Amino acid sequence: MAHGAADPVLDVRGLTVEFSTEGGVLRAVDDVSFEIGRGEIVGLVGESGAGKSLTSEAILRLIRCPPGRVRGEVRFRGQNLLTLGERALADIRGKDIAMIFQNPGASLNPVFRVGEQMLEAMAVHVPERRAALRRRVLEILGRVGIPSPGTRARDYPHQFSGGMAQRVMIGMGISCMPSLLIADEPTTALDVTIQAQVLALIRRLARELGVAVLLVSHDLGIISQMCHRVLVMYAGRVVEQASVEAIFRAPAHPYTQGLIACLPRLEGTGKLGAIGGAMPGLAALPPGCRFHPRCPVSEPRCRVEAPPLGPLRPEHQVACHVARPS
Amino acid sequence: MTPTTPLLEVRDLVKHFPVRRHPLAALRRAAPARVVHAVDGVTFEVAAGETLGLVGESGCGKTTTGRLVLRAIEPTRGHIVFEGEDITSLPAGRLLPFRRKAQIVFQDPYSSLNPRMTVGAMVAEPIRVHRIAAGAEVEARVRSLLDMVGLSAEYARRYPHELSGGQRQRVGIARALAAGPRLVVADEAVSALDVSVRAQILNLFVELRERLGLAYLFVSHDLGVIRFVSHRVAVMYLGRLAEVAPASALFKQPLHPYTQALLAAIPAVGDGSTSIFDNPARLLEGELPNPIDLPRGCRFASRCPHRMSQCEEVEPALREAAPGHAVACHLYTEGGTP
Amino acid sequence: MARPLGADGRPFDPDGLTPEPAALGSRAALHRWWRRFARNRGAVFGLAVFLTMVAMAIFAPLISPYDPLAQGVGTPMASPNTAHWAGTDSFGRDILSRIIFGSRVALIVGIASVLLAMVVGVTLGLVSGYYGGLVDVVIMRIMDGLFAFPIIILAIAMMAVMGFGVRNVIIAVAVGFIAPFARVTRGDVLAVKEEPYIEAARLAGVSSLAIIFRHVLPNVLAPIIVQGALRVSGAIITESGLSFLGLGPPPPTPAWGRMIAEGQTFIVMAPHIATIPGIALMIAIVALNLLGDGLRDTLDPRMRR
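A quick note: this is a predicted structure, and the numbers were derived from the prediction, not measured.

Student: Where do I start with the overall build of chain B in this structure?
Tutor: Of regular secondary structure, chain B possesses 10 helices and 12 strands. Across its three principal axes, chain B shows a C-alpha extent of roughly 70 × 60 × 45 Å. Considering only contacts in chain B between residues 6 or more positions apart, those separated by 24 or more positions represent 65%.

Student: Looking at this model, I keep getting lost on the overall build of chain C. Mind explaining?
Tutor: Regarding its fold elements, chain C presents 11 helices and zero strands. Helices and strands in chain C line up, N terminus first, as α-α-α-α-α-α-α-α-α-α-α. A burial count over chain C gives 40% of its 305 residues as buried. Relative to all contacts within chain C whose residues are 6 or more apart in sequence, the contacts with residues 24 or more apart total 66%.

Student: Just to check I follow, could you spell out unusual backbone geometry for this structure?
Tutor: Glycine aside, a negative phi is what most residues show, and trans is what most peptide bonds show. Residues and elements named next belong to chain B. The phi dihedral of aspartate 12 falls on the positive side, at around 50°, and the residue is not glycine. Turning to its location among the elements, aspartate 12 is positioned in strand S1 (residues 8–18). At glutamate 188, a residue that is not glycine, the phi angle is positive and equals roughly 50°. Among the secondary structure elements, glutamate 188 is positioned in the loop between strand S7 (183–187) and helix H7 (195–212).

Student: Explain the pairing of strand S11 (residues 310–313) of chain A here, please?
Tutor: Side-chain positions along a regular strand alternate between the two faces of the sheet. Residue and element names in this part refer to chain A. Sheet topology places S11 next to strand S12 (residues 316–318); three bridges connect them, and they run antiparallel. Its bridge partner lying in S12, arginine 313 is registered against histidine 316. Between the end of S11 and the start of S12, which pair antiparallel, lie two residues, with glutamate 315 showing a positive phi angle near 70°.

Student: What should I look at first to understand the packing of helix H11 (residues 254–262) of chain A against H7 of chain B in this one?
Tutor: To describe two helices that pack against each other, one gives the angle between their axes and the distance between the axes. For the pair H11 of chain A and H7 of chain B, the least separation of the axes is 9 Å and the interaxial angle reads 50°. Comparing their axes, H7 of chain B and H11 of chain A come out oblique. Handedness of the crossing formed by H11 of chain A with H7 of chain B: left-handed. Together, Gly258, Leu259 and Cys262 of chain A of H11 of chain A and Val195, Ser196 and Ala199 of chain B of H7 of chain B make up the contact between the two elements. Considering only residue class, the contact of H11 of chain A with H7 of chain B consists of four nonpolar, two polar and no charged.

Student: It is not clear to me how the interface of chain B and chain A should be interpreted in this structure. Could you clarify?
Tutor: A common way to express how large an interface is: the accessible area buried when the components associate. The interface of chain B with chain A comprises 37 residues on the first partner and 38 residues on the second. Contributing elements (two or more residues each) for the side of chain B that touches chain A: H7, helix H8 (223–229) and helix H10 (257–265) of chain B. A per-element tally of the side of chain B that touches chain A places H7 of chain B first, with seven residues. Among the residues forming the side of chain B that touches chain A, the class breakdown is 20 nonpolar, 11 polar and six charged.

Student: Which parts of the structure should I look at to understand helix H4 (residues 114–125) of chain A?
Tutor: Given 3.6 residues per helical turn, the α-helix brings residues three or four places apart onto the same face. Residues and elements named next belong to chain A. Spanning 12 residues, H4 covers 18 Å between terminal C-alpha atoms, matching the ideal 16 Å at 1.5 Å per step. Here H4 has its buried residues at Val114, Gly115, Gln117, Met118, Ala121 and Met122. Down the axis of H4, the smallest arc covering the buried residues is 165°, so these residues share one side. Packed against the buried residues of H4 are helix H5 (130–143), helix H6 (149–152) and helix H7 (162–174).

Student: What should I look at first to understand the packing of helix H4 (residues 95–131) of chain C against helix H7 (residues 166–193) of chain C in this one?
Tutor: Residues and elements named next belong to chain C. Running from N to C, H4 and H7 cross one another at 35°; their axes reach a closest spacing of 5 Å. Here H4 runs over H7; the crossing is right-handed. Class assignment of the residues belonging to the contact of H4 with H7 gives a composition of 25 nonpolar, six polar and three charged.

Student: Can you help me understand the nonpolar core in this one?
Tutor: Soluble globular proteins tend to pack their nonpolar side chains together in the buried interior. Counting 274 residues, the largest nonpolar core has Val213 of chain A together with Val123 and Leu217 of chain B as the members making the most contacts within it. The element that contributes the greatest number of residues to this core is H4 of chain C, accounting for 17 residues. Taken domain by domain, this core gets at least three of its residues from each of domain 1 (10–96 + 176–318) and domain 2 (105–175) of chain A.

Student: Can you help me understand the sheet that holds S12 of chain A in this one?
Tutor: Strand pairing within a sheet occurs via backbone hydrogen bonds; the two strands may be parallel or antiparallel. Residues and elements named next belong to chain A. The strand order across the open sheet formed by eight strands is S6-S7-S8-S3-S9-S10-S12-S11, and the pairing between neighbours is mixed. Two strands bound the open sheet, and with one partner strand each, they are strand S6 (97–100) and S11. Neighbouring strand axes in the sheet, compared pairwise and without regard to direction, differ in orientation by 20° on average. Alignment of S6 against strand S7 (residues 180–184), held across four bridges, turns out to be parallel. Across the sheet, alanine 98 pairs through a bridge with leucine 181, a residue of S7. In the packing of H7 onto the sheet, the strands contacted are S6 and S7, and the crossing angle to S6 comes to about 170°.

Student: I keep staring at H7 of chain B and nothing clicks. Help me out?
Tutor: Compared with the 26 Å implied by 1.5 Å per residue over 18 residues, the 26 Å span of H7 of chain B between its first and last C-alpha is a close match. Those residues of H7 of chain B lying buried are Val195, Ser196, Val197, Arg198, Ala199, Gln200, Ile201, Leu202 and Phe205 of chain B. Looking at the buried side of H7 of chain B, the elements it contacts are H11 of chain A together with helix H6 (165–177), S7 and H8 of chain B.

Student: Is there a simple way to explain the sheet that holds strand S4 (residues 68–76) of chain A in this structure?
Tutor: Spatial ordering of the open sheet is given by S2-S1-S4-S5 (chain A), a layout of four strands whose pairing is antiparallel. The sheet is open, and its two edges are formed by strand S2 (24–36) and strand S5 (79–80) of chain A, each paired on a single side.

Student: Explanation requested: the environment of glycine 324 of chain B in the structure shown.
Tutor: Residues and elements named next belong to chain B. Among the structural elements, glycine 324 can be located in the loop between strand S11 (319–322) and strand S12 (325–327). For the pair glycine 324 and arginine 209, spaced 115 residues apart in the sequence, the C-alpha separation amounts to 22 Å. For glycine 324, the residues in contact, after removing those within four places along its chain, are Ala245 and Pro246.

Student: Honestly, the environment of aspartate 40 of chain B in this entry has me stumped. Any pointers?
Tutor: Residues and elements named next belong to chain B. Here aspartate 40 lies in strand S2 (residues 35–46). A C-alpha to C-alpha distance of 6.8 Å links aspartate 40 and leucine 13, two positions 27 residues apart in sequence. Beyond its immediate stretch of four places on either side in the chain, aspartate 40 contacts Val14, Gly239 and Arg240.

Student: Which parts of the structure should I look at to understand the confidence of the model for chain C?
Tutor: In low-pLDDT segments, the atomic positions of the prediction should not be examined closely. All names here are of chain C. Summing up the model confidence of chain C, the mean pLDDT is 83 and the portion of residues at 70 or higher is 89%. Within chain C, helix H8 (residues 196–203) carries the highest mean pLDDT (93), whereas helix H1 (residues 26–38) carries the lowest (72). Low pLDDT, under 50, characterises residues 1–25; the stretch is placed with 41 contacts to residues that sit more than four places away or in other chains. Under the prediction, the complex receives an ipTM of 0.85, its pTM being 0.83.

Student: Explain the environment of proline 115 of chain B to me, please; I cannot follow it from the model alone.
Tutor: Topologically, proline 115 of chain B is positioned in the loop between strand S6 (102–105) and helix H4 (119–129). Exposure remark for proline 115 of chain B: the 13 C-beta atoms within 10 Å place this residue in the partly exposed category. Taking the C-alpha atoms as reference points, proline 115 of chain B and arginine 67 of chain B, 48 residues apart in sequence, are found 23 Å from one another. Setting aside chain neighbours within four positions, we find proline 115 of chain B in contact with Tyr159, Pro160 and His161 of chain B together with Asn219 of chain C.

Student: What exactly am I supposed to notice about the pairing of strand S9 (residues 229–234) of chain A here?
Tutor: All names here are of chain A. Burial of S9 is extensive: six of the six residues sit out of reach of the surface. Judged by which residues are buried, S9 turns out to be covered on both faces: Arg229, Leu231 and Met233 on one side and Val230, Val232 and Tyr234 on the other are all buried. One ladder, built from six bridges, connects S9 with strand S10 (residues 237–243); its direction is antiparallel. Looking across to S10, one finds that leucine 231 is bridged to glutamine 241. The loop that links S9 with its antiparallel partner S10 comprises two residues; one of these, alanine 235, has a positive phi angle of about 50°.

About the thresholds
Residues numbered from 1 in each chain as written. Chains lettered and ligands numbered in written order. Predicted model: local features only at pLDDT ≥ 70, side-chain atom pairs only at ≥ 80, totals over all residues. Helix = DSSP H or I, 4+ residues; strand = E, 2+ residues; numbered from the N terminus. Contact = placed C-beta atoms within 7 Å. Buried ≥ 20, exposed ≤ 12 C-beta atoms within 10 Å, placed from the backbone. Pairing = 2+ DSSP bridges. Axes fitted to C-alpha atoms, helices over the stretch in contact; angles between N-to-C directions. Parallel < 35°, antiparallel > 145°, perpendicular 65-115°, else oblique. Left-handed = near helix turned anticlockwise from the far one by under 90°. Nonpolar A, V, L, I, M, F, W, Y, C, P; charged D, E, K, R; others polar. Expected span 1.5 Å × (residues − 1). Arc of directions from axis to C-beta. Core = buried A, V, L, I, M, F, W, Y, C linked by C-beta atoms within 7 Å. Domains from an automatic or database assignment. pLDDT = per-residue confidence, 0-100.

What follows is the structure, encoded as structure tokens:
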């Protein structure tokens, strides 16, 4: 299936998020650019503090500005979301772009029945009669794998387990037939077997309905099994960007290589490759390449000059002096 | 204690938590009190210097088991035997020697350290409590403990809020080792850490085990972590053991359908060419049954792809299917096809 | 490989094995606290007034222009003038001197009673919260009983039983404040008790008593200190109320409450006799409240804004 062959559903260019704090201006997301085509799943991977959640929130303008400040372009079906008026944005959010978060319980109102919430969410965007909407709710609940949708629609959120609640969220998300789904750590709080069901569902949505998906996760395993293309983020910057095969078969950036080596595999043991130290906080960023203090192959140049993100091969970008001497 | 006596022996351990009933419900009829069957008859051993990985999904009882073993919560029934001594009903006053030899490392590095105590004071406390050293020697021991976990001695004067997650976890480990335990229960000890830090701490666990001859009861939901750190693995489901085997055997040839499903569901780092999520037939359907009202027969039957008629009637016992490899499944009890 | 340098010129420590120098130590923490506190102008005012009161109380004999007990040092009931900045009362005593000495009573009773209430209340709260069960129920029901009485009624009752004297005033006022301290402490203890580091101490074999005083207490101290600061003003008001009713320290010891009572009769002819002590009392209370609020905001960042 040709992904993104036509115009991309989401086209992010130079996205930058800054915060003014007592200590000055901190740049939490620094010049991030990528595209997502129809039916394509793009992964944003990084550890906590890398800026991946902020990137997804910035796309939907969920960041409070001030103290935040978002720059760049986020083109969704031709329109720049960052400059859109509030009403037009509210129209798009929830209908054309759906977002699901890590904790499904937090996004569901505990005092309303689940079916009602789904119905209300749809009623805002879809001009149909309530009876028709009710039928749609049941149909969607069935589609996301909730058994006995008729009964379950009348339950309250606390009666749903984590996995079921997350499916309800996905259901709500797709109820208005969005073109783009942003999933921020959607399965971190779920058990492995339930996680598999939820992720399989997302995969199916992309494959069968052509939904473009931005998947944010710290779990490299999930990223490698779910995504078509991957962006690796470190301390607010993209350090490597390529197809999933390229990233996992031939990772170019030392951080990516280190991350992959860190993972305990199921096949063998032996000492885990670890990356010494920890990701620097935004207020204490090292000069030059942000990764250089932890980098096993850093050169004197890395201390001074931040490497730009550039093509190593076609469709494989990396920001590293060693991997891509220029 | 002879060389062959296991360090820790757990026999038919049970923990039921009472469910709070609506006061009116008690008036309606004399229904039996309902309980959450958190741990429902668990038997296993840990040899000195061995790492037993306890793995399962949420609600399986692995964390509760870890707590029970340390008498952090009181068992409803069953026996805990440590170094040949049955400590199950020892009164709190007599537990001190046991507390010295069995310790715990917690999951959350942020709440497992007292925010108002310095690192040095926290690590020194077990030393003082168990009167292992006094005066200047305490400080020397603290320094060597910090060094053992990879922290420079200057950290002794710091407070937890000045440390990163990985550093705090190292302090937690140093504190656990301060009294010189023989068994350490690691309760999801790396789950709250970032991937790269997690690898560092796992390496540390292994290094300390070699150096000090420690036995670990390593509780985790992460099979990759369990595989890396365990000698033997016990898989729990809804309060009972489903399978117990040496780590390599469990991962190469899982016998219990639940273990198989668990392994199939893990998104291991592939090369990106295929996706396990495109093959839903291999993935488990359904949800965990209610731990209060358990089904009759095998607890896994409702989700098991190999379900037979007797699975819904009789609960299978944990039996050895191969040397050192025990399973609780009817498929292996009378020539069923595995 | 040479040690790379961080953005601030210090060597970057990739493994985090050596902590950064003592810029993060406790002295810097005090600095930060002071800066945060100082941003609240009301709190700084409160602190200034409080310190002035303390200075007044300590150096009273030195700074007081006249002997507060000496009668007839000026024309009785004279309004404020150059010789007597606050005027004189019906006995010809200098009011300013009496106010200065009156601050002694106010501060001594205010602080001592709060301290006493704190020690008793916090201990009860610690025991009640940590052990729970029957102990908790019994202690809390007794506290509920204490809560039911308005402090001033309680104080009057106790004075009636115990008799007069500064010491009894302190005890009487303190009793009224035990219950709030116990309750605040218990609430925080219940929360702290569940933290993993408490369980860690228990599993390490630390005795319950050691856990309570070495682990739990330091972590519940902050709100207690704030409570204490806020209650001092209440204690001073209670003491003034008692003095006003004639139950405070017996005459001729100057006490602001009694000065107000004495001035009541002359409120039309010589209003300054009652008003000026009233103003002094008001300033003290407002200042102490501002100080307490400032302390709360500084020590408990969650409640800010």
